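Coordinate analysis (summary)
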Amino acid sequence: QVQLVESGGGLVQAGGSLRLSCAASGRTFSSYAMGWFRLAPGKAREFVAGISGSGSSTHYADSVKGRFTIVRDNAKNTVYLQMNSLKSEDTAVYYCAAGSGYYPLASWQYTDWGQGTQVTVSS
């Protein structure tokens, strides 16, 4: 099991940028695939981006491709989500998650979750 703590959320104008961070506990961080999900009011939880344990493979939701970038620093036990060209529809609570298995993972394979960080994009 891994403990996850997100940070970096906030209020930003449309077109702006934010970088989310997710710090993980434990000595086996590189063995976990990591993902970012988001939950907006009245909507289902949505996969945003995922990255393999080594960082060599990444996947994105179509809605964020070309705008968001997921990277990880295994030496710092941290995964980041760089969000550029933000839109009002990106407003949500963003969660990072960790999972094990053959990458890419299905959503149900992400078993450890952070507490979430709010991102609000004003238009």
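Residues numbered from 1 in each chain as written. Predicted model: local features only at pLDDT ≥ 70, side-chain atom pairs only at ≥ 80, totals over all residues. Heavy atoms only, no water.

1. So, the pairing of strand β8 (residues 78-83)
Counting buried residues in β8 gives five out of six residues, a clear majority hidden from the surface. The hairpin turn running from strand β7 (residues 68-73) into β8, its antiparallel successor, is four residues long, and N77 in that turn takes a positive phi close to 55°. (Buried < 20%, exposed > 50% of the residue type's maximum accessible area, 1.4 Å probe, protein only. Helix = DSSP H or I, 4+ residues; strand = E, 2+ residues; numbered from the N terminus. Pairing = 2+ DSSP bridges.)

2. A closer look at the packing of aromatic side chains
Applying the stated rule across the entire model yields three aromatic pairs. The interplanar angle of 75° and the centroid separation of 5.2 Å between the aromatic rings of F37 and Y110 together place this pair among those described as edge-to-face. You can see F37 sitting in strand β4 (residues 33-39) and its partner Y110 sitting in strand β10 (residues 110-113), a full 73 residues away along the chain. For F37, a relative accessible area of 1% puts it in the buried group. In this structure Y110 comes out as buried when scored by relative accessible area, which is 4%. Connected via pairs of aromatic rings, a cluster forms that spans F37, F47, Y110 and W113. For the cation-ring pair, R45 lies above F37, with the distance from its terminal atom to the ring centre recorded as 5.4 Å. The residue whose ring lies beneath R72 is F29, and the NZ or CZ to ring-centre distance is 4.4 Å. (Phe/Tyr/Trp six-rings, centres within 6.5 Å; stacked < 30°, edge-to-face > 60°. Lys NZ or Arg CZ within 6 Å of the ring centre and 35° of its normal.)

3. Quick look at the sheet that holds strand β1 (residues 4-7)
Across the sheet, which stays open at both edges, the four strands sit in the order β1-β3-β8-β7 with antiparallel pairing between neighbours. Two strands bound the open sheet, and with one partner strand each, they are β1 and β7. Across this sheet, the average inter-strand angle for adjacent strands is 15°, counted without regard to direction. In this structure, β1 lies alongside strand β3 (residues 18-24), joined through four bridges in antiparallel fashion. Looking at β3, one finds that E6 is bridged to C22. (Axes fitted to C-alpha atoms, helices over the stretch in contact; angles between N-to-C directions.)

4. A short note on the state of the cysteines
All chains considered together, the criterion is met by one disulfide. Two residues, C22 and C96, share a disulfide whose sulfurs are 1.9 Å apart. With the S-S bond torsion at 45°, the cross-link from C22 to C96 turns out right-handed. Highlighted residues: C22 in strand β3 and C96 in strand β9 (residues 92-99), separated in sequence by 74 residues. Look at C22 and you get buried, because its relative accessible area is 0%. A relative accessible area of 0% places C96 in the buried class. (Disulfide = S-S within 2.5 Å.)

5. Description of the side chain of T117
If you trace the backbone, T117 turns up in strand β11 (residues 117-122). With relative accessibility at 11%, the residue T117 sits in the buried group. Within the structure, T117 has its side chain in polar contact with the backbone nitrogen of G9 (distance 3.2 Å). Discounting residues that sit within four places of it in the chain, T117 has contacts with E6, S7, G8, G9, L20, A92, V93 and Y94. (Polar contact = N/O pair within 3.5 Å; in protein donor to acceptor, adjacent residues only side chain to side chain. Contact = heavy atoms within 4.5 Å.)

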